[in-house]
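# Coordinate inspection notes
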Amino acid sequence: MTLVDFISDLTEVSESQSLADVVAVAADRLSAEEISHESVVDELRRMTEDERQGMLCRSVDTTTHLKLSLDQNTHRALRLWLHVYKGWPPSEGRFAASIHDHRYAFVSKILRGGYVEQRWTIESDRVSPLRSAKRGVNSLNIVRAADVHSLVSVEPRTVSLVLQLPAERSFSRVYHPDRGAAFTSIPDLEAQYADFLAKDDR
């Protein structure tokens, strides 16, 4: 199964099934042995120059990892990313290392390396550790939009394939446990773009 087939197939599934069903199907498809670090790199190497340039234009360079866009879908559709992690620990507080949630659910498969993930629970006045897990090659991780987590440590040269489901809201949150359950809202690009246009009209 190529990555193009993978995202195309799941896009069709998402049009007729619930979010929970799409997560289940994605986890099943990602567990397939043919989806490996080697197979993904082979597909990247077979890209034409135009395909490579298009991928790089859609990709995102974050402070903790490079997000290579492996699909051509719209902003709020299913997205497929290759996360290539940078050196760890980050030199200062960074998003992946912070206590945070996401505006969307996602299913990921580690293709190389691994990481330790901490899950958290949010109560009325504090943020508390829930459980931690060490995830290695071929392990699947399902994170829902309501889940709060952080990456504690990341092995060198870690790479993961991430299927991002359609966004459930326009922002994510970074929590500050030293201030109880306080958090900072991080608007997505579409929300920031709309805000820019609104302010420009004033």
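Here's what I pulled together on the structure shown here. (Residues numbered from 1 in each chain as written. Predicted model: local features only at pLDDT ≥ 70, side-chain atom pairs only at ≥ 80, totals over all residues. Heavy atoms only, no water.)

## Details of the sheet that holds strand β10 (residues 159–164)
- The six strands lie next to each other as β1-β2-β3-β10-β5-β8, forming an open sheet whose pairing is antiparallel. The open sheet has two free edges, formed respectively by β1 (60–61) and β8 (140–143), since each of these has just one partner strand.
- Direction of pairing for β1 relative to strand β2 (residues 65–69): antiparallel, over a ladder of two bridges. Counterpart to V60 in the pairing with β2 is K67.
- Each of β1, β2 and β3 (79–85) touches helix α4 (residues 49–58); the most contacted strand, β2, lies at about 130° to it. (Pairing = 2+ DSSP bridges. Helix = DSSP H or I, 4+ residues; strand = E, 2+ residues; numbered from the N terminus. Contact = heavy atoms within 4.5 Å. Axes fitted to C-alpha atoms, helices over the stretch in contact; angles between N-to-C directions.)

## Some remarks on the environment of D125
- Here D125 lies in the loop between β6 (115–122) and β7 (127–135).
- Along the backbone, D125 and D50 are 75 residues apart, and their C-alpha atoms lie at a distance of 51 Å.

## Quick look at the environment of E43
- Examined against the element boundaries, E43 turns out to sit in helix α3 (residues 37–45).
- Taking relative accessible area as the criterion, E43 reaches 18% and is therefore assigned buried.
- Expressed as a C-alpha distance, the spacing of E43 and L70, which sit 27 residues apart in the sequence, is 10.0 Å.
- Among the polar contacts listed, one links the side chain of E43 to the backbone nitrogen of L3, at a separation of 2.9 Å. (Buried < 20%, exposed > 50% of the residue type's maximum accessible area, 1.4 Å probe, protein only. Polar contact = N/O pair within 3.5 Å; in protein donor to acceptor, adjacent residues only side chain to side chain.)

## Notes on the nonpolar core
- Counting residues in each nonpolar core, the largest one holds 25 residues, and the members touching the most others are F6, L10, L70, L80, L82, L161 and L163.
- Secondary structure elements with two or more residues in this core: α1 (3–14), α2 (19–30), β3, β5 (106–112) and β10.
- It is α2 that contributes the most residues to this core, six residues altogether.
- Those residues in contact with L163, other than ones at most four positions away along the chain, are F6, I7, L10, A26, R79, L80, A105, F106 and V107.
- Counting residues in hydrophobic clusters, the runner-up holds seven residues, among them Y85, A96, I110 and V154. (Core = buried A, V, L, I, M, F, W, Y, C linked by side-chain atoms within 4.5 Å.)

## What to know about the packing of α1 against α2
- Between α1 and α2, the shortest axis-to-axis distance is 10 Å and the interhelical angle comes to 160°. Classed by the angle they form, the pair α1 and α2 counts as roughly antiparallel. Handedness of the crossing formed by α1 with α2: right-handed. Residues F6, D9, L10, V13 and S14 of α1 touch α2, and the partners they reach there are V22, V25, A26, R29 and L30.
- A per-class count over the contact of α1 with α2 returns seven nonpolar, one polar and two charged. (Parallel < 35°, antiparallel > 145°, perpendicular 65-115°, else oblique. Left-handed = near helix turned anticlockwise from the far one by under 90°. Nonpolar A, V, L, I, M, F, W, Y, C, P; charged D, E, K, R; others polar.)

## Details of a nonpolar patch on the surface
- On the surface, Y193, F196 and L197 cluster together to form a nonpolar patch covering roughly 330 Å² of accessible area.
- With respect to the element layout, L197 can be found in helix α5 (residues 189–200).
- Overall, the relative accessible area of 36% leaves L197 in the partly exposed class. (Patch = residues over 30% accessible without salt bridge, like charges linked within 9 Å, V, L, I, M, F, W, Y side chains within 5 Å. Areas by Shrake-Rupley, 256 points an atom, 1.4 Å probe, with all protein chains shown as cover. Salt bridge = Lys/Arg side-chain N within 4 Å of Asp/Glu carboxyl O.)

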